[in-house]
Amino acid sequence: MQALQMKNSNVYNINMATKEYRALFEWIGAVDYDVFATLRFNRNVSKQRVIEAVKRYLHILDKKIMGRHNVRNDIRIERYVALENGTSNSNWHCHVLFNSSSTVATAEELTTLAEHFWHRKVKDAKQYDRQNKSNGKFKLKQRQRDFELIEDNNNVKRYVIGEHYKLGNDTILVECCYFSEDTQRLLKANIG
C-alpha cells in the first residue's frame with residue numbers, strides 16, 4: 001500500500017484514503033482475531049518510547065506464552081498492532097489484535113496474561129478501567145479494562161484502524177506485528 005497522497009496543504013486525497021482504508025480493513029479481516037488490547041501510556045511519552053516499550057512488552061509476552069525455544073525460532077503470538085496518537089495528537093497508544101489460536105493459551109488466558117504482563121512489566125503503562133467509561137463503539141464479551149475478548153470483529157477492526165486517515169500506513173506498527181507463514185500466505189492471497 002502507498003502512503004496517503006496529499007493535495008495542496010493538509011487536504012487528503014479522499015479516494016486514495018478510502019481505497020487504502022478498505023484494503024486494510026479487508027486485510028485485517030482475513031485473520032480471526034479474538035483478543036483486543038489497548039496499550040495506554042502515561043501522558044507525555046514520546047512516540048519512540050511507546051514503540052520501544054511495546055516491542056519489549058510483546059517480546060516478554062511471546063516468551064511467557066510461546067516459550068523461549070519457539071521465540072528463538074521466530075514463532076510468536078499472531079498479532080496486528082496499530083499505533084495512534086489520539087484526538088489530542090499527543091496521546092500515543094497502541095491497539096493490538098491477538099489471534100489466540102496461534103498459541104497454546106485460550107482467548108481468556110491470553111487476555112489475562114496480556115493484561116498481567118502489561119501492568120507489571122511496562123514502566124509507563126497507564127492504568128485505565130473501561131468499566132467506568134463508556135466506549136460505545138463496539139460490543140465486548142467481557143469488560144476487562146483494556147484487554148478484552150472480541151465479540152464483533154468488524155466493529156473492532158474499524159476502531160483499530162480509526163486513525164488511518166491521520167497517520168496513513170504509519171498507523172501499522174510493522175516491527176511489532178507478527179504473522180505465521182500460513183497466515184502470511186492467506187494475507188498475500190487476499191491482496192491479489
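Remember, predicted model here, so these are calculated numbers, not experimental data.

Asker: Which residues make up the nonpolar core, and what are the values?
Answerer: Core analysis: the biggest nonpolar cluster contains 53 residues, and Leu39, Val54, Tyr57, Tyr80, Val81, Leu97 and Phe98 have the highest contact counts within it. Where this core is concerned, the elements lending two or more residues are α1 (14-29), β3 (35-40), α2 (47-66), β4 (78-84), β5 (93-99), α4 (107-121), β6 (147-149) and α5 (153-160). When residues in this core are grouped by element, the largest group, nine residues, is from α2. With sequence-adjacent residues up to four places away left out, Val81 is seen in contact with Val54, Leu58, Cys94, His95, Val96, Thr171, Ile172, Leu173, Cys176 and Cys177.

Asker: Just give me the short version of the sheet that holds β6, but keep the residues and values in it.
Answerer: Pairing within the open sheet is antiparallel, and its four strands lie in the order β4-β5-β3-β6. Bordering the open sheet on either side are β4 and β6, each of which pairs with just one other strand. Direction aside, neighbouring strands of the sheet carry axes that sit 15° apart on average. Pairing analysis gives six bridges linking β3 to β5, with the strands arranged antiparallel. Counted as the bridge partner of Phe36 is Leu97 from β5. In the packing of α4 onto the sheet, the strands contacted are β3, β5 and β6, and the crossing angle to β6 comes to about 175°.

Asker: Break down a positive patch on the surface for me, citing the residues and quoting the values.
Answerer: Judged by side-chain charge, Lys64, Arg68, Arg72 and Lys121 come together as a positively charged surface patch. The residue Arg68 is located in helix α3 (residues 68-72) in this model.

Conventions we followed
- Note on numbering: residues in each chain are counted from 1, in written sequence order.
- Under the rules for a predicted model, residues below a pLDDT of 70 receive no local features and side-chain atom pairs below 80 are neither given nor counted, while totals for whole chains, interfaces and linings still include all residues.
- Calculated side-chain values reflect all of the structure's heavy atoms, with hydrogen atoms and water omitted.
- To form a nonpolar core, buried Ala, Val, Leu, Ile, Met, Phe, Trp, Tyr and Cys residues must be joined to one another through side-chain atoms within 4.5 Å.
- When a residue's accessible area, from a 1.4 Å probe over protein chains only, is under 20% of the maximum for its type it is buried; when over 50% it is exposed; and in between it is partly exposed.
- A helix here means a DSSP run of H or I that spans at least four residues, while a strand means a run of E at least two residues long, and both kinds are numbered starting from the N terminus.
- Contacts between residues were defined by any pair of non-hydrogen atoms, one from each residue, lying within 4.5 Å.
- Strands are labelled as partners when DSSP assigns at least two bridges between them.
- To obtain each axis, a line is fitted to C-alpha atoms, and for helices this fit is confined to the stretch in contact; angles are then taken between N-to-C directions over 0 to 180 degrees.
- Each patch groups residues whose relative accessible area exceeds 30% and which form no salt bridge, using 9 Å between like charges and 5 Å between nonpolar side chains of Val, Leu, Ile, Met, Phe, Trp and Tyr.
- Per-residue and other accessible areas were derived by the Shrake-Rupley procedure at a 1.4 Å probe size, with only the shown protein chains allowed to occlude residues.
- Basic side-chain nitrogens of Lys or Arg form a salt bridge, by our definition, when they fall within 4 Å of a carboxyl oxygen of Asp or Glu.
- None of His or the chain ends enter the tally, which takes Lys and Arg as positive and Asp and Glu as negative.
- A charge is said to be at NZ when it belongs to Lys, at CZ for Arg, at CG for Asp and at CD for Glu.

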